[in-house]
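Structure assessment
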Amino acid sequence: MGETQDERTGPAAGRDRAARVAAMQRAERARARRRKAALIAVPTVLVLGAGAGIAAVIAAQPDPPSLEAVQTFDYAGSQHTEEPVTYAETPPVGGEHDPVWLNCGIYDAPVPNENAVHSMEHGAVWITYAPDLPAEQVEQLTEAVEGREYTLLSPYEGLPSPIVLSAWNHQLTIDSADDPRIGAFLSEYVQGAQTPEPGALCSNGVGTPTG
């Protein structure tokens, strides 16, 4: 009688154990899938969040000032002369120039065209302003170039506008020192792609800047 009971319950017990093992295996696989999904989801959320934050910052940035109004010219470099030069543009943007460049910096009196043009050949931006420009605007221009390499600032008689920004073969006329294109022009053209002699000195030349 005991032997019959063992034969009847033995296989059933085995099936029960197998079922429990299978259930535990399914549960473990389910937990593993949840852990994997969590590990993937957290970095994804972080990346998406960071991406959204960066996109929001980029979207909030104002558009850079347009330089579409910049006039362009076509002067070749390396044309030296010790004679006075009559330039077509006021102030000049290129052409023949003195063999010695003007030391970059701030000048409170007009400077020789021929030396300033040589500085532009080396990648300088020359900011000129009408002598009667209000003092506060002259101060703004001074702050824009002070301590900055390859920039010239000087008064200039007979300008076509209160302020003129010049680089080799490029020129922009503006009305006020508040114009945001000043910074854009400096960023674009100081030692810019237009420079015939990039890396050449803008010091050890002639002229004594005040700043």
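What you are looking at is a predicted structure, and each value in this text was computed from that prediction instead of being measured.

Digging into the packing of aromatic side chains
Evaluation of the coordinates by the stated rule reveals two aromatic pairs. Relative to Tyr156, the ring of Trp126 has its centre 5.8 Å away and its plane inclined at 70°; by these criteria the two rings are edge-to-face. Of this pair, Trp126 sits in strand 3 (residues 125–129) while Tyr156 sits in the loop between strand 4 (151–155) and strand 5 (163–167), placing them 30 residues apart in sequence. Between the aromatic rings of Phe185 and Tyr189, the centroid separation amounts to 4.6 Å while the plane-to-plane angle is 50°, which identifies the pairing as tilted. Within this pair, Phe185 and its partner Tyr189 are both found in helix 4 (residues 181–189), separated by four residues, close to a single helical turn.

Brief notes about the sheet that holds strand 6 (residues 170–174)
Whether parallel or antiparallel, the strands of a sheet pair through hydrogen bonds between backbone atoms. Read from one edge to the other, the open sheet built from six strands follows the order 1-6-5-3-4-2, with strand pairing classed as mixed. Of all the strands in the sheet, just strand 1 (71–72) and strand 2 (105–106) have a single pairing partner and so form its edges. In this sheet, strand 5 lies alongside strand 3 in antiparallel orientation, the contact comprising four bridges. Paired with Trp126 across the two strands is Ser166, which belongs to strand 5. Seen against the sheet, helix 4 touches strand 3, strand 4, strand 5 and strand 6 and runs at an angle of roughly 170° to strand 6.

Here's the deal with unusual backbone geometry
The amide bond that connects Thr90 to the next residue, Pro91, takes the cis arrangement and shows omega of -5°. With respect to the element layout, Pro91 can be found in the loop between strand 1 and strand 2. Backbone geometry at Ser78 places phi at a positive 60°, although glycine is not the residue there. Phi at Gln191 is positive, roughly 55°, even though this residue is not glycine. Position of Gln191 among the secondary structure elements: in the segment after helix 4.

A look at helix 3 (residues 135–145)
Listed in full, the buried residues belonging to helix 3 are Gln137, Val138, Leu141, Thr142 and Val145. Burial along helix 3 is one-sided: seen end-on, the buried residues are contained in an arc of 145°. Turned more than 90 degrees from where helix 3 packs its buried face, Glu136 and Glu143 sit exposed. Buried residues belonging to helix 3 abut strand 2, strand 3, strand 4, strand 5 and helix 4. Backbone geometry just downstream of helix 3 places Gly147 in the positive-phi region, at approximately 80°.

What counts and how
Residues numbered from 1 in each chain as written. Predicted model: local features only at pLDDT ≥ 70, side-chain atom pairs only at ≥ 80, totals over all residues. Heavy atoms only, no water. Phe/Tyr/Trp six-rings, centres within 6.5 Å; stacked < 30°, edge-to-face > 60°. Helix = DSSP H or I, 4+ residues; strand = E, 2+ residues; numbered from the N terminus. Pairing = 2+ DSSP bridges. Contact = heavy atoms within 4.5 Å. Axes fitted to C-alpha atoms, helices over the stretch in contact; angles between N-to-C directions. Buried < 20%, exposed > 50% of the residue type's maximum accessible area, 1.4 Å probe, protein only. Arc of directions from axis to C-beta.

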